[in-house]
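Chains, contacts and geometry: an overview
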Amino acid sequence: MSASSGKKRPWGRGVLSLRHQPRATTVHNSAGAAWNAAARRWTVSASFTALPYRRMAEAALARAQDFPGTGYGLVTTFDCLHDMGDPVGAARHIRAALADDGSWLIVEPYAGGSVAQNLTPVGRVYYNFSTFLCVPHAISEGAADALGNQAGEAPVGKIVSEAGFGTFRRVAETPFNLVYEARP
Ligand SMILES: C[S@@+](CC[C@H](N)C(=O)[O-])C[C@H]1O[C@@H](n2cnc3c(N)ncnc32)[C@H](O)[C@@H]1O
């Protein structure tokens, strides 16, 4: 999990929701063990602040296509949908795991709708990351048609729609990220 607020937070990006929703139960899932170890450290850090955390976050090794639980009010994917081998499968699973009035918050790297629009300083750096990291990772998970981190809004919206969500909209952007909301 992560968020791009521009502010440096010592407890890490992953427990932002704990700070703002102190009564929430937060479950962190990632396919990467290193990120889960980091999430556990953030959780420990959070528990030592003065904030009234009622419930601790959990960190588990699970893919977005098969994480446990249902009835979630909010599912977040930070900078990882495009890394997945089966983003539609992940989106379908998230749709099934959400409560009827729940939301999926999707944060993806900033990208325009064409290669030409991405030939900016940020886009050029992202294309390099995508070539050496994102696309190979998606292929390693079985992707036949990897998104890459410069996919932009339309392909993400298509995935969301194919997964059966009713609404999809861009809700925020920064020079580095696009933020979308999908609802059942
Ligand atoms: C660029 S990192 C982003 C990490 C973190 N979410 C952040 O924003 O700082 C991409 C993450 O996607 C995770 N990932 C890749 N495939 C996944 C999958 N199928 N299900 C869940 N997480 C996955 C990786 O383990 C990695 O932690």
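All of these numbers come straight from a predicted model, not from anything done at the bench. Sequence order as written defines residue numbering, which begins from 1 separately in each chain. For this predicted model, a pLDDT threshold of at least 70 governs which residues receive local features, and a threshold of 80 or more governs which side-chain atom pairs are given and counted, while totals over whole chains, interfaces and linings are taken from all residues.

Describing the sheet that holds strand β4 (residues 98-109)
Taken in spatial order, the four strands make up an open sheet running β3-β4-β6-β5, and their pairing is mixed. In this open sheet, the two edge strands, each paired with only one partner strand, are β3 (72-78) and β5 (167-173). This sheet shows a mean twist of 20 degrees between the axes of neighbouring strands, independent of strand direction. Both β5 and strand β6 (residues 177-183) contribute to a ladder of six bridges, which runs antiparallel. Each residue of the ladder has a partner; that of arginine 170, found in β6, is tyrosine 180. By definition, residues are in contact whenever their C-beta atoms, placed on the basis of the backbone, come within 7 Å of each other. In this description, a line fitted to the C-alpha atoms serves as the axis of each element, helices being fitted only across the stretch in contact, and the angle between N-to-C directions of two axes falls anywhere from 0 to 180 degrees. Think of it this way: any DSSP run of H or I at least four residues long counts as a helix, any run of E at least two long counts as a strand, and we number them from the N terminus. In this fold helix α5 (residues 153-162) packs onto β4, β5 and β6, with an angle of close to 145 degrees to the strand it touches most, β5. Here a strand pair is declared whenever DSSP counts at least two bridges between the two strands.

What about the nonpolar core?
By our criterion, buried Ala, Val, Leu, Ile, Met, Phe, Trp, Tyr and Cys residues that link up through C-beta atoms within 7 Å make up a nonpolar core. We call a residue exposed when 12 or fewer other C-beta atoms sit within 10 Å of its C-beta, buried when the count reaches 20 or more, and partly exposed for counts in between; the C-beta positions come from the backbone. Judged by nonpolar contacts, the single largest core of 28 residues is most densely connected at Ile94, Ile106, Val156 and Val160. The leading source of residues in this core is β4, at four residues. Non-local contacts of isoleucine 94, meaning those with residues more than four positions away in its chain, are made with Ala64, Val75 and Trp104.

Details of α5
Along α5, the residues classified as buried are Val156, Ile159 and Val160. Angular distribution of buried residues about the axis of α5 spans 100 degrees; they occupy a single face of the element. Exposed residues pointing more than 90 degrees away from the buried face of α5 are listed as Ala154 and Glu162. The elements touched by buried residues of α5 are α3 (87-97), β4, β5 and β6. To obtain the arc, one takes the directions from the helix axis to the C-beta atoms.

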